[in-house]
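Read off the chains here:
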Amino acid sequence: MQIKHCTVFACAFDVFSCLVFFYLENDLTVREFFLFQGIFYLTSFLAEIPVGYVADNVSKKNCLIISFVIFMFINCIWLSFRGAYFVLIGEILFAISKVIMDNVVAGYLYDYLSSKSIQQQMVKYYGYTNFYLSAGTVLASLFGTYIYSKFGFSAVFFGEIMLITVSIILVCLLPQIETYKKIKHSLKEKIHDFIETSTSFYKQDKIKYYVLYSGLLTSYSILFSLSFQHLMQNALLPIVFFGIVAFLNHGIRAFASIFASKIAHLIKIKQMIIPLFIMYILAFIFIFTIANIKNFSMIIFLIFLICVIIGFQLLFTICHISRLHKFVNTDDRGKIMMFNNLFSKILVSIVLISNIFIAKLGFINYYIIAFIVMVFACFFITKNLLKVKED
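Along each chain, residues carry numbers from 1 onward, in the same order as the chain's sequence is written. In view of the model being predicted, local features appear only for residues whose pLDDT reaches at least 70, and side-chain atom pairs are presented and counted only at 80 or more, with totals across whole chains, interfaces and linings using the full set of residues. Side-chain calculation: all heavy atoms of the structure are included, whereas hydrogens and water are not.

Notes on the nonpolar core
Across soluble globular proteins, you tend to see nonpolar side chains buried next to one another. As a reminder of what qualifies: To qualify as a nonpolar core, a set must consist of buried Ala, Val, Leu, Ile, Met, Phe, Trp, Tyr and Cys residues joined through side-chain atoms within 4.5 Å. Residue exposure (1.4 Å probe, protein chains only): buried if accessible area is under 20% of the type maximum, exposed if over 50%, otherwise partly exposed. A run of H or I in DSSP becomes a helix once it reaches four residues, and a run of E becomes a strand once it reaches two; helices and strands are each numbered from the N terminus. Any two residues whose heavy atoms approach within 4.5 Å are treated as being in contact.
Ranked by size, the top nonpolar core spans 102 residues in total, and within it Tyr213, Tyr220, Leu223 and Phe224 carry the most contacts. Of all the elements, helix H9 (residues 205–234) adds the most residues to this core, at 14 residues. Ignoring sequence-local partners within four residues, the contact set of Leu223 consists of Phe34, Val351, Leu352, Tyr366, Tyr367 and Ala370.

Structure (structure tokens):
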């Protein structure tokens, strides 16, 4: 499917492997980096229902085109303007673009597989889609960092614009999947309907606790990934290591995605719950260790271990999202995907934005607070998850 090429091209030459330097070049601090990333996820949270409303009235293929066009516009802004205001505008627009992409890709893929009567292979193909997305970001970590180190961010943005143009052409070549004609609702009706649906799903333990656990782990994975750049900058690692770490992070994600269907057949999703809890405790121990050492090799090794843990979290999330499709009908699938995304986005936005206040206590104290919150939350959710009976 052309969608794999779209995701690869869209990520190539990406700036995000060295985003903290882009912020510093725009006279922003690391604390403001975390703040703006928090605003990014808060925007993602607020955009979920309006985007869902748009997705109900526009075909999934056209939504994908809109997402890529917005992404291109962001690169044009960052290529042409400098300053905190334009950085923030770009982050907000990128949040909207990503929400559209996240909400549409899984649904489009499921509809496509259904049209071929192979929807039972959703785990396999959704894993492949995530693999190609991560593969594109792996290319970004290598080429983007290299181009930035040699030519600066302007060259990165110019290259991104060219490749997104290719992505838009590829999206236009995707087949238009015909589904049943939806009854269109006003935005007010959409919000009311979503609240009712979410309340209904919240009463279902076989959905609720998996959504909470997946959302919690996803939010902390994002916190870990964003912290890599700050930790490396603090340890004065050369710019080349930023590309290496991004390569490791997204490379491991790519392999986790492509092996998702095989592992899903070998291990039940419930068997991943406690091991993931233990892994995240270890991840915090690694973070605390990195913050207190200056040995380049040891820092990269510990970050690699955290990337492996994030890979296991992605594996769990892919299996979880694919599992959700069993419990919902076509009418409710978009709503449950929104419900699934909202928790992680609002949680990570709170975690990142709170950094602007808690950071006054110091970086280590901020992570101690985050660690305590994670342990108590995971313990509560895990205890209830283990009581859930699978159908």
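Some remarks on the environment of Gly159
By secondary structure assignment, the location of Gly159 is in helix H7 (residues 153–172). By relative accessible area, which is 14% here, Gly159 ends up buried. Once the C-alpha coordinates of Gly159 and Gly144 are considered, the two residues, 15 residues apart in sequence, prove to be 9.1 Å apart.

Section: the packing of aromatic side chains
Test applied: The pairing test for Phe, Tyr and Trp rings, Trp by its six-membered ring, is centres within 6.5 Å, and the orientation test on the planes gives stacked under 30 degrees, edge-to-face over 60, and tilted for anything in between.
Under the counting rule described, the total for this entry stands at 22 aromatic pairs. A ring pair is formed by Tyr220 and Phe284, whose centres lie 5.7 Å apart and whose planes are at 65°; its orientation type is edge-to-face. Here Tyr220 is found in helix H9, whereas its partner Phe284 is found in helix H12 (residues 273–290), with 64 residues between them in sequence. With a relative accessible area of 3%, Tyr220 lands in the buried category. Residue class for Phe284 comes out buried when judged on its relative accessible area of 0%. Centroid distance Phe224 to Phe284: 5.2 Å. Interplanar angle 75°. Geometry classified as edge-to-face. Of this pair, Phe224 sits in helix H9 while Phe284 sits in helix H12, and the two are 60 residues apart along the sequence. Ring-pair connections join several aromatic residues into one group, and the members of that group are Tyr220, Phe224, Tyr280, Phe284, Phe288, Tyr366, Tyr367 and Phe371.

Structural notes on the side chain of Glu91
Keep this limit in mind: Just so you know, the count uses Lys and Arg for positive and Asp and Glu for negative, and it drops His and the chain ends. Each salt bridge in this description consists of a side-chain nitrogen of Lys or Arg and a carboxyl oxygen of Asp or Glu lying within 4 Å of one another. Polar contact is defined as a pair of N or O atoms within 3.5 Å, subject to the rule that within protein one atom must be able to donate a hydrogen and the other to accept it, and that residues adjacent in sequence are counted only when both atoms are side-chain atoms.
In this structure, Glu91 sits in helix H5 (residues 84–115). Buried within the structure, Glu91 lacks any salt-bridge partner; Lys98 is the closest side chain of opposite charge, at an N-O distance of 11 Å. For Glu91, the side chain forms a polar contact with the side chain of Tyr23, separated by 2.6 Å. In this structure, Glu91 is in contact with Leu19, Tyr23, Gln37, Phe40 and Trp78, ignoring residues within four places of it in sequence.

Section: the packing of H12 against helix H16 (residues 363–385)
Put simply, the rule reads: Orientation is described by axes fitted as lines to C-alpha atoms, over the contacting stretch for helices, and by angles from 0 to 180 degrees between their N-to-C directions. Roughly parallel refers to an angle under 35 degrees, roughly antiparallel to one over 145, roughly perpendicular to one between 65 and 115, and oblique to any angle outside these ranges. In this classification, Asp, Glu, Lys and Arg are treated as charged, Ala, Val, Leu, Ile, Met, Phe, Trp, Tyr, Cys and Pro as nonpolar, and every other residue, Gly included, as polar.
Between H12 and H16, whose axes approach to 11 Å, the crossing angle comes to 175°. In terms of their interaxial angle, H12 and H16 are classed as roughly antiparallel. Only Ile364, Tyr367, Ile368, Ala370, Phe371, Met374, Val375, Cys378, Phe379, Thr382 and Leu385 of H16 make contact with H12, whose side of the interface consists of Ile273, Ile274, Phe277, Tyr280, Ile281, Phe284, Ile287 and Phe288. In the contact of H12 with H16, the residues fall into 18 nonpolar, one polar and no charged.

Looking at unusual backbone geometry
Even without being a glycine, Asp27 presents a positive backbone phi close to 60°. You can call Asp27 exposed: its relative accessible area is 71%.

Section: the confidence of the model for the protein
The test is simple: On a scale of 0 to 100, pLDDT captures the predictor's confidence in every residue.
Here the protein averages 77 in pLDDT, while 75% of its residues score no lower than 70. When pLDDT is averaged over each element of the protein, H12 comes out on top at 91 and helix H1 (residues 2–11) at the bottom at 47.

What to know about the environment of Val308
You can see Val308 is positioned in helix H13 (residues 296–327). In the structure, Val308 is positioned 29 residues away from Met279 in sequence and 9.5 Å away in space, judged by C-alpha atoms.

Describing H7
What counts here: Take the number of residues in a helix, subtract one, and multiply by 1.5 Å to get its expected span.
Here H7 contains 20 residues, and its C-alpha end-to-end distance of 29 Å stays within 8% of the 28 Å for a straight helix at 1.5 Å per residue. Listed in full, the buried residues belonging to H7 are Phe153, Val156, Phe157, Gly159, Glu160, Ile161, Leu163, Ile164, Ser167, Ile168, Leu170 and Val171.

A few points about the packing of helix H4 (residues 60–80) against H7
Using the following cut-off: For a crossing to be left-handed, the near helix must be turned anticlockwise from the far one by less than a right angle; the clockwise case is right-handed.
Relative to each other, H4 and H7 sit at 165°, their axes nearing to 9 Å. Our classification of the angle between H4 and H7 gives roughly antiparallel. Handedness of the H4/H7 crossing: left-handed. Mapping the contact onto sequence places Lys61, Leu64, Ile65, Phe68, Val69, Phe71, Met72, Asn75, Cys76, Trp78 and Leu79 in H4 and Ser154, Phe157, Phe158, Glu160, Ile161, Ile164, Thr165, Ser167, Ile168, Val171 and Cys172 in H7. Class assignment for the residues of the contact of H4 with H7 results in 16 nonpolar, four polar and two charged.

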